[in-house]
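The chain contents come next:
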Amino acid sequence: MRVARWWIWGLAAGLPLAFLGVFFAYPVVSLITRGFVTGGGLDLGGFAEVFSRPRTWRIVRLTLTQALLGTAGSVLLGIPAAYVLYRCTFRGQRLVRAVVTVPFVLPTVVVGVAFRTLLADSGPLGFLGLDGTFTAIILALVFFNYAVVVRTVGGMWERLDPRTEQAARALGASPARAFLSVTLPALTPAIASAASVVFLFCATAFGVVLVLGGIQFGTIETEIWIQTTQFLDLRAAAVLSVMQLIVVAGSLALFARTRTRRERALRLQPVTTTPAPLRLWQHRRPGPDLPATAVTAVVVGVLVLLPLATLLIRSLRTPSGWGLGNYVALGSTGGDNALTVTVWEATANSLRIAVDATVLAVVMGVLVALVLSRRPRRPAARRAIGWMDSLVMLPLGVSAVTVGFGFLITLDAPPLDLRSSPVLIPIAQAIVAMPLVVRTVLPVLRAIDPRLREVAAMLGASPARVLAAVEVPFLVRSVGLAIGFAFAVSLGEFGATAFLSRPDRPTLPVVIFRLIGRPGAENYGMALAASVVLALLTASVMGLAERLRGERSGEF
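Residues numbered from 1 in each chain as written. Predicted model: local features only at pLDDT ≥ 70, side-chain atom pairs only at ≥ 80, totals over all residues. Heavy atoms only, no water.

Draft legend 1. Summary view of the environment of Met526. With respect to the element layout, Met526 can be found in helix 22 (residues 521-547). For the pair formed by Met526 and Leu330, sequence separation is 196 residues and the distance between their alpha carbons is 6.3 Å. Beyond its immediate sequence surroundings of up to four residues, Met526 is in contact with Asn326, Ala329, Leu330, Ser332, Gly334, Val343 and Leu515. (Helix = DSSP H or I, 4+ residues; strand = E, 2+ residues; numbered from the N terminus. Contact = heavy atoms within 4.5 Å.)

Draft legend 2. How the structure looks around a nonpolar patch on the surface. Among the surface-exposed residues, Val37, Leu42, Leu44 and Phe47 lie close enough to one another that they form a single nonpolar patch of about 380 Å² accessible area. Tracing the chain through its elements places Leu44 in the loop between strand 2 (41-42) and helix 2 (45-51). (Patch = residues over 30% accessible without salt bridge, like charges linked within 9 Å, V, L, I, M, F, W, Y side chains within 5 Å. Areas by Shrake-Rupley, 256 points an atom, 1.4 Å probe, with all protein chains shown as cover. Salt bridge = Lys/Arg side-chain N within 4 Å of Asp/Glu carboxyl O.)

Draft legend 3. Representation of the packing of helix 3 (residues 54-87) against helix 12 (residues 290-314) within the structure. Closest axis-to-axis distance for the helix 3/helix 12 pair is 8 Å, and the angle between their directions is 115°. On the basis of their axis angle, the class for helix 3 and helix 12 is roughly perpendicular. The crossing of helix 3 and helix 12 is left-handed. Two secondary-structure elements touch here, helix 3 through Leu77, Pro80, Ala81, Tyr83 and Val84 and helix 12 through Ala292, Thr293, Val295, Thr296, Val299 and Leu303. In terms of residue class, the contact of helix 3 with helix 12 is made up of 9 nonpolar, 2 polar and no charged. (Axes fitted to C-alpha atoms, helices over the stretch in contact; angles between N-to-C directions. Parallel < 35°, antiparallel > 145°, perpendicular 65-115°, else oblique. Left-handed = near helix turned anticlockwise from the far one by under 90°. Nonpolar A, V, L, I, M, F, W, Y, C, P; charged D, E, K, R; others polar.)

Draft legend 4. Representation of the pattern of salt bridges in the model. Inspection of every chain in the model, using the stated rule, returns 3 salt bridges. Of the charged contacts, one joins Glu223 and Arg55 as a salt bridge, the two residues approaching to 2.7 Å between their closest N and O atoms. Residue Glu223 is found in helix 10 (residues 220-229), and its partner Arg55 is found in helix 3; the two are separated by 168 residues along the sequence. Its relative accessible area of 4% is what places Glu223 among the buried residues. (Buried < 20%, exposed > 50% of the residue type's maximum accessible area, 1.4 Å probe, protein only.)

Draft legend 5. Looking closely at the environment of Tyr524. Structurally, Tyr524 can be placed in helix 22. When the C-alpha atoms of Tyr524 and Pro288 are compared, they prove to be 46 Å apart, with 236 residues separating the residues in sequence. Residues in contact with Tyr524, not counting those within four places in the same chain, are Arg116, Thr117 and Arg314.

Draft legend 6. Representation of the side chain of Thr71. As for its placement among the helices and strands, Thr71 is situated in helix 3. For Thr71, a relative accessible area of 10% gives the class buried. If near-sequence neighbours (up to four positions away) are discounted, Thr71 is found in contact with Ala195, Val198, Phe199 and Cys202.

Draft legend 7. Region of interest: the packing of aromatic side chains. This structure, assessed with the given rule, holds 8 aromatic pairs. Ring geometry for Phe23 against Phe407: centres 6.4 Å apart, planes inclined by 45°, an arrangement best described as tilted. Placement of the pair is Phe23 in helix 1 (residues 2-36) and Phe407 in helix 16 (residues 400-410), with a sequence separation of 384 residues. The pair formed by Phe23 and Phe407 is uniform in burial state, with each residue classed as buried. Among the aromatic side chains, those forming a connected cluster through ring pairs are Phe19, Phe23 and Phe407. Just above the ring of Tyr86 sits the side chain of Arg97; from NZ or CZ to the centre is 4.0 Å. (Phe/Tyr/Trp six-rings, centres within 6.5 Å; stacked < 30°, edge-to-face > 60°. Lys NZ or Arg CZ within 6 Å of the ring centre and 35° of its normal.)

Draft legend 8. Examining the side chain of Thr347 more closely. Structurally, the position occupied by Thr347 is in helix 14 (residues 343-372). There is a polar contact of 2.8 Å between the side chain of Thr347 and the backbone oxygen of Val343. In this structure Thr347 touches Leu508 and Leu537, once residues within four positions along its chain are discounted. (Polar contact = N/O pair within 3.5 Å; in protein donor to acceptor, adjacent residues only side chain to side chain.)

Draft legend 9. Molecular detail of the confidence of the model for the protein chain. Chain-level pLDDT for the protein chain is 81 on average; 92% of the residues reach the 70-or-more range. Per-element confidence in the protein chain is highest for helix 14, whose mean pLDDT is 91, and lowest for helix 11 (residues 234-267), whose mean pLDDT is 68. (pLDDT = per-residue confidence, 0-100.)

Draft legend 10. The arrangement of the nonpolar core in detail. Residues Phe115, Val343 and Phe407 are the most contacted members of the largest nonpolar core, which totals 173 residues. At 17 residues, helix 6 (residues 134-157) tops the list of elements feeding residues into this core. If near-sequence neighbours (up to four positions away) are discounted, Phe407 is found in contact with Phe23, Pro27, Leu424, Ile427, Ala428 and Leu500. (Core = buried A, V, L, I, M, F, W, Y, C linked by side-chain atoms within 4.5 Å.)

Okay, here's the thing in structure tokens:
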């Protein structure tokens, strides 16, 4: 029995690790080798050559500045919303939570198009003169990552025991001092965890930067793409990828450390408190919740809703007037045959690829989550699970552009010649989505009382029976949410797909990017309409998945 159990768990751990080894580690390691090894020997010449260019340092400076400002903006604006949406209660709260979440699941290309429409000279905020500026990129990054801070910090805030803060108030502390001395220190691990994730997303942003900034405000991510596709300098791209990996690895180490502290803090607060009603006015004077509510209302109205509403309205405007002409044109290949297929054909490609990628990501992610949820008694086994946890999270931090570039230079020879294979893009998208599946399912499995498994085993149930009777019922609802996340991420994925997509089988994000780059009002109108279609598809999938969300269903 013991041998069979080891075989089962060994297979459950080995299959996803082998998948990541072949389709993630091998391309990435090959990329590193391409940058530092020449003729079989170590050669740091490429590294010195790339870093001797002033262009490289300008790009590094822009990447770090962009990531720091995007993180600071998301955290500062997200904390008031976390309080209002998770610590208080009011009518329509679930709807506002859903609205705040929408930007996070939107494809980056759609986010870029929405802000470009909002800040253009003819847009509602065109008078600010921010179109094509660095500020526009920062605003779009805050828009995209706002939900990460709100959900991560809010999820912990709603579980904090309020009696500690109430005791500080009873002892004479002002609301501000009670918050700074009691609540804020308790929230620090969650804030740090959210900030590290947002920093990762900002530092590896691709679609948003490419649409809003182009070469003028290029980052490491866009520079890898430019060096590969325009300058054909694979060595320089490899060096930049290695540099980005170093930054990502450091951020992931910080992420793991803060997440551990956060989980420890949550265990100290087992009581789920009832949110208090929102206090906007008390005795005809401003209530204590008014400032946070006002900040949240402005951010949700101007930063979240206005770009989406502008995108929808502008998609109905055609050169001949208002109407559905742009949507009708989605059945064509655009002005001057800008596309090789119609937008609807590209949409069908995206859906087929997303289904394949979702199946791969969910199967591999659930296997990983089952293994990581074990609590072995041997220290060596616990350390091995800790290492596996860190390894499977690496694709979350490594940019999709690096993954796509790695595929391009490694999977081009037997026995792994997949250049013309239809499974190439689904595999790349599954690599990107798999960490989100793990982080959605794992908390549910870890919340299961281990004594339930022990009792079932003592009563004679086999490991398979324990899995089916104890864990599967808890898995069902979280797997539904994981499927939604994986499908939405795959549907909007652009970084890796931009490298791997064939001209005759483009996906919807690739088609939108091509339409934006072509001249003519007809093509631009089609890009707006296609962005609305993609946004509606993604939001519908996530809306359905949210309805399946359990009480405790992951970190995002």
